[in-house]
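Spelled out from the first residue to the last, the chains are:
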Amino acid sequence: MIEQKYHSIGIIGFGARGQLLAETIGSELPEYGRVTAIADNRENLLYRQGVGIYCHNFKVYRDYRELLADDEIDTVIIETYPETHLEITAAAIRAGKAVMCDKPAVPTLAEAEELYKVVTSAPCAFQMGLNLPCRPALIKTKELIDSGAIGKVFSVRGCCDVGYAFAHDVILRKFAGDPAGLVLGKLTHDTDFIQYCLNTYAEVVCGFTANFQHRRHGSGATSDDTAVISGVMNNGVLFSQELTSCGSAYSRRFTFFGEKGELRVNSKEDFVEIITLDGKSKRFDVNVTTGGHGGADKTLLSSFLDYVDSNTGKAKWPERICSSIMIPLAAMENTLVKTGEWYRSVVKN
């Protein structure tokens, strides 16, 4: 049985995502700890209403190094851009902090290899902030797949439609100069979930990406808004994953095909459906709660802090640093990529 502690938490990068997590800690997990300090280099930062209600008297640093030097803080959540994650994570671990780093882990395979070495070469508490598997319907999906509810899985199909309005806003405002911005930022979630659910990793990936409709005026670089990916997992399961950005609403859907039937799930819904070979349907209801990402943020944060309190001295799921980004990055190559060879060269066990 673990000895639970009350944590003094620092958040590095206090934009929309960092503030949402701070609000979740204050409103839904007050027994676990409090946000003691934040670090953000932007002046005149505007706070969400919930931050003012649930987070009180936190210190504000302009430099993340000042936050890491604060002895009161024992746990750090990193919510900056991916190109800063390696540097900040390494510094936080050297400072003796427990670290949760949001996705995408890093923007390149080279940095993924380096980050993996950082978190596995010495005792530490580290976890990626991958919250999609924490959605209630996807927790149930993992349980059903592991229990053999559809037998041996043969193939998986995923589709992420971020919706026209979201894509138009985020590409033009945030990702305009980064061709891989939306593909990596979104499909890190989906492809990580598929691999996590199947307890494997992608062996071979073939993908194509393009920008069809979301671009700034002029001829500057923009982010691709559409992707089609297919491949083979190391355990032989075939998979495909799409990214679209022209729908009416944001949705994520997965279909798992197995020897006993198929499993269908929409990540935001309150049920999972299995259709057996004789055409009969069985529905498994789940409880979707309020809060960030349908309750996924609360589950992610509480499980992370429980892991920190377990004092294992080992990073949790460090291999997902690599597996979570390698499929979307391979898709950007627009050719066949042997992801499994690279993965095994980094993750030795």
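Heads up: the structure comes first, above all this text.
The model shown is predicted, which means the values in this text are computed figures rather than measured ones.

Caption draft 1: Examining helix α5 (residues 109-120) more closely. A rise of 1.5 Å per residue sets the reference length of α5, with its 12 residues, at 16 Å; its end C-alpha atoms lie 16 Å apart and thus fit the reference within 8%. For α5, the set of buried residues is Ala 112, Leu 115, Tyr 116, Val 118 and Val 119. Projected down its long axis, α5 carries its buried residues within an arc of 160°, all on one side. Each element contacted by the buried residues of α5 is listed here: α4 (85-94), β6 (126-129), α10 (320-331) and α11 (339-346).

Caption draft 2: Representation of the pairing of β6 in the model. Bridging between strand β5 (residues 98-102) and β6 involves 4 bridges; their strand directions are parallel. Counted as the bridge partner of Cys 101 is Met 128 from β6. Once the chain exits β5 it traverses α5 before rejoining the sheet at β6, and the crossover so formed is right-handed.

Caption draft 3: The pairing of strand β14 (residues 281-285), seen in detail. Bridging between strand β13 (residues 271-276) and β14 involves 5 bridges; their strand directions are antiparallel. Its bridge partner lying in β14, Ile 274 is registered against Lys 282.

Caption draft 4: Inspection of the packing of helix α8 (residues 181-198) against α10 at higher detail. One can describe the packing of α8 onto α10 by two numbers: an axis separation of 8 Å at closest approach and a directional angle of 120°. The pairing of α8 with α10 is recorded here as oblique in orientation. Here the hand of the crossing between α8 and α10 comes out right-handed. For the pair formed by α8 and α10, the contact residues are Val 183, Leu 184, Leu 187, Thr 188, Thr 191, Asp 192, Gln 195 and Tyr 196 on the first element and Arg 320, Ser 323, Ser 324, Ile 325, Met 326, Ile 327, Pro 328 and Leu 329 on the second. Among the residues making up the contact of α8 with α10, the classes are represented as 9 nonpolar, 5 polar and 2 charged.

Caption draft 5: Just the side chain of His 189, in detail. The residue His 189 is located in helix α8 in this model. Under the relative-accessibility criterion, His 189 is labelled buried at 7%. Apart from the residues lying within four places of it in its own chain, the contact partners of His 189 are Lys 103, Asn 131, Leu 132 and Arg 252.

Caption draft 6: Structural detail: the state of the cysteines. With the rule as written, the count across this model stands at 0 disulfides. A disulfide-free cysteine, Cys 197 has its sulfur positioned 13 Å from the sulfur of Cys 134, the nearest such atom. On the basis of relative accessibility, which here comes to 0%, the residue Cys 197 falls in the buried class.

Caption draft 7: Structural context of unusual backbone geometry. Note the cis peptide between Lys 103 and Pro 104, where omega equals -15°. Among the secondary structure elements, Pro 104 is positioned in the loop between β5 and α5. Its identity is not glycine, yet Asn 57 carries a phi of approximately 55°, on the positive side. Residue classification places Asn 57 among the exposed positions, given a relative accessible area of 75%. Positive phi, normally seen in glycine, also occurs at Asn 334, with a value near 55°. For Asn 334, the position within the fold is in the loop between α10 and β15 (336-337).

Caption draft 8: Region of interest: the environment of Gly 26. Tracing the backbone through its elements, the reader meets Gly 26 in helix α1 (residues 16-28). Given the relative accessible area of 21%, Gly 26 is considered partly exposed. Taking the C-alpha atoms as reference, Gly 26 lies 39 Å from Ala 331; in sequence the two are 305 residues apart.

Caption draft 9: Just α10, in detail. Here α10 is 12 residues long and its end C-alpha atoms lie 18 Å apart, about the 16 Å a rise of 1.5 Å per residue gives. Among the residues of α10, Arg 320, Ile 321, Cys 322, Ser 323, Ser 324, Ile 325, Met 326, Ile 327, Pro 328, Leu 329, Ala 330 and Ala 331 are the ones counted as buried.

Caption draft 10: The arrangement of the sheet that holds strand β8 (residues 202-210) in detail. The strand order across the open sheet built from 9 strands is β14-β13-β12-β11-β7-β10-β9-β8-β15, with neighbouring strands paired in mixed fashion. With partners counted over all chains shown, the strands left at the sheet margins are β14 and β15, one partner each. As paired elements, strand β7 (residues 153-161) and strand β10 (residues 238-244) share 7 bridges and run parallel to each other. Looking across to β10, one finds that Cys 159 is bridged to Glu 242.

Caption draft 11: Spotlight on the packing of aromatic side chains. As enumerated under the stated definition, the model contains 9 aromatic pairs in all. On the numbers, 5.8 Å between centres and 75° between planes, the contact of Tyr 196 with Trp 317 is edge-to-face. Highlighted residues: Tyr 196 in helix α8 and Trp 317 in the loop between α9 (296-309) and α10, separated in sequence by 121 residues. The exposure class of Tyr 196 is partly exposed, given its relative accessible area of 24%.

Reading guide: rules and limits
- Residues numbered from 1 in each chain as written.
- Predicted model: local features only at pLDDT ≥ 70, side-chain atom pairs only at ≥ 80, totals over all residues.
- Heavy atoms only, no water.
- Helix = DSSP H or I, 4+ residues; strand = E, 2+ residues; numbered from the N terminus.
- Expected span 1.5 Å × (residues − 1).
- Buried < 20%, exposed > 50% of the residue type's maximum accessible area, 1.4 Å probe, protein only.
- Arc of directions from axis to C-beta.
- Contact = heavy atoms within 4.5 Å.
- Pairing = 2+ DSSP bridges.
- Right-handed = clockwise from strand over helix to strand, strands pointing away.
- Axes fitted to C-alpha atoms, helices over the stretch in contact; angles between N-to-C directions.
- Parallel < 35°, antiparallel > 145°, perpendicular 65-115°, else oblique.
- Left-handed = near helix turned anticlockwise from the far one by under 90°.
- Nonpolar A, V, L, I, M, F, W, Y, C, P; charged D, E, K, R; others polar.
- Disulfide = S-S within 2.5 Å.
- Phe/Tyr/Trp six-rings, centres within 6.5 Å; stacked < 30°, edge-to-face > 60°.

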